[in-house]
Amino acid sequence: MKIRLGPPSLKILLLISVAIAIIVIVHYRGDKTLFKNEKTENKQQPEAPSNTALPADSWRFIVSGDSRNCGDLIMPAIAAHSAKYFQPAFYWHLGDLRAIYMVDEDMAFADETDGHKLACTDYVKRAWPDFIEHQIYPFGKTPFYIGIGNHEVIPPMDKPPADIVPSQDNLIHPEIKGAQFTSRFADWLLAPAIKEQRLKDRDCDAPSTANQSKSAGKSNVPLKPCLIYPRNYYHWVQGGVDFIYLDNASNVFGKT
């Protein structure tokens with residue numbers, strides 16, 4: 001029986017294939033690490049660098065934003081990973097906490113898993129408390145700074161919260177009238193470093209700087225205390241770096 005190999009080009013291709021197969025077999029027998037087990041290889045990969053690898057006088061911080069729709073899953077992962085490997089000086093969220101114009105997918109999925117459907121009215125009430133519980137609290141003792149984004153002023157969040165009663169005192173910080181964000185996140189907008197910086201800058205809400213200077217010229221007029229209210233814009237200095245957040249969502253940049 002004769003075996004026809006076809007035209008010369010096919011014969012050459014067949015010889016090349018056989019040669020490659022022989023080379024592979026010989027090399028494998030000489031070095032059995034040619035084909036590595038993926039699981040073994042993965043175990044040999046180095047872990048992420050730890051904070052001990054930092055040069056002297058160096059420090060880290062973590063910054064991100066727009067955690068709508070997936071924040072309840074992603075933010076705890078960021079918190080756990082950064083605390084384990086990087087030990088950041090702080091975390092800074094740059095706004096767009098929740099979608100607001102629609103039910104966030106992670107919240108909707110959590111409710112569907114429990115056999116419920118999250119209604120829009122219930123979602124609006126729960127959106128920011130859910131953010132605080134599932135996205136801020138996982139950072140534990142790591143300082144958490146927060147900024148306002150355009151999603152924070154989407155109706156109905158653009159109206160003052162029901163428990164804020166307009167008064168003459170509120171006129172000195174109109175941001176509260178522009179968005180619920182200011183009062184709902186007051187604890188983070190007045191984080192210790194931010195409040196300390198404003199006191200250092202004499203950036204008071206009441207009494208005004210002008211009134212303070214007039215009172216200072218009269219020895220019998222005591223200086224009134226510097227009152228600090230939460231704002232959607234702020235800055236603080238840390239490690240020689242000036243971190244500044246401006247409010248371009250509710251059109252409030254401040255006078256100073």
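Rules of the game
- Residues numbered from 1 in each chain as written.
- Predicted model: local features only at pLDDT ≥ 70, side-chain atom pairs only at ≥ 80, totals over all residues.
- Heavy atoms only, no water.
- Helix = DSSP H or I, 4+ residues; strand = E, 2+ residues; numbered from the N terminus.
- Contact = heavy atoms within 4.5 Å.
- Areas by Shrake-Rupley, 256 points an atom, 1.4 Å probe, with all protein chains shown as cover.
- Buried < 20%, exposed > 50% of the residue type's maximum accessible area, 1.4 Å probe, protein only.
- Pairing = 2+ DSSP bridges.
- Axes fitted to C-alpha atoms, helices over the stretch in contact; angles between N-to-C directions.
- pLDDT = per-residue confidence, 0-100.
- Polar contact = N/O pair within 3.5 Å; in protein donor to acceptor, adjacent residues only side chain to side chain.
- Phe/Tyr/Trp six-rings, centres within 6.5 Å; stacked < 30°, edge-to-face > 60°.

**Considerations on the overall build of the protein**
Along the protein, the regular secondary structure elements total 10 helices and 5 strands. Restricting the contact set of the protein to residue pairs at least 6 apart, pairs at least 24 apart contribute 69%. Accessible surface computed for the protein: about 16,600 Å², of which carbon and sulfur atoms make up 59%.

**Let's talk about the environment of Ile-194**
Within the fold, Ile-194 resides in helix H9 (residues 192-201). Judged by its relative accessible area of 0%, Ile-194 is buried. For the pair Ile-194 and Tyr-145, spaced 49 residues apart in sequence, the C-alpha separation works out to 9.2 Å. Once residues within four sequence positions are removed from consideration, Ile-194 is found in contact with Tyr-145, Trp-188, Leu-189, Tyr-234, His-235 and Trp-236.

**Topic: the sheet that holds strand S3 (residues 144-146)**
Ordered by their spatial adjacency, 3 strands build an open sheet running S1-S2-S3, and the pairing between neighbours is parallel. Unpaired on one side and paired on the other, strand S1 (62-64) and S3 mark the two borders of the sheet. Going across the sheet, the axis of each strand differs from the next one's by a mean of 15°, ignoring polarity.

**A closer look at the confidence of the model for the protein**
For the protein, the mean per-residue pLDDT works out to 76, and 63% of the residues sit at or above 70. Note that pLDDT drops below 50 for residues 18-43; the model gives that stretch 6 contacts with residues more than four away or on any other chain.

**Comments concerning the environment of Arg-98**
Its location among the elements puts Arg-98 in the loop between strand S2 (91-93) and helix H4 (105-113). Residue classification places Arg-98 among the buried residues on the basis of a relative accessible area of 0%. Between the alpha carbons of Arg-98 and His-151 there is a distance of 6.8 Å; along the sequence they are 53 residues apart. A distance of 3.0 Å separates the side chain of Arg-98 from the side chain of Asp-106, its partner in a polar contact. Among the polar contacts made by the side chain of Arg-98, one reaches the side chain of Asp-130 at a distance of 2.6 Å.

**Describing the packing of aromatic side chains**
Here the structure, examined in full by the defined rule, presents 23 aromatic pairs. An angle of 35° between the planes, with centres 5.1 Å apart, marks the rings of Phe-181 and Phe-185 as tilted. Here the aromatic rings of Tyr-234 and Tyr-245 are separated by 5.7 Å at their centres, their planes lie at 15°, and the arrangement is stacked. A residue pair is termed long-range when its members are at least 10 positions apart, and Tyr-234 in strand S4 (residues 234-238) and Tyr-245 in strand S5 (residues 241-245) qualify at 11 residues. Judged by relative accessible area, Tyr-245 falls into the buried class, the value being 9%. Aromatic ring contacts, followed pair by pair, group Trp-59, Phe-61, Phe-90, Trp-92, Tyr-145, Tyr-234, Trp-236, Phe-243 and Tyr-245 into a single cluster.

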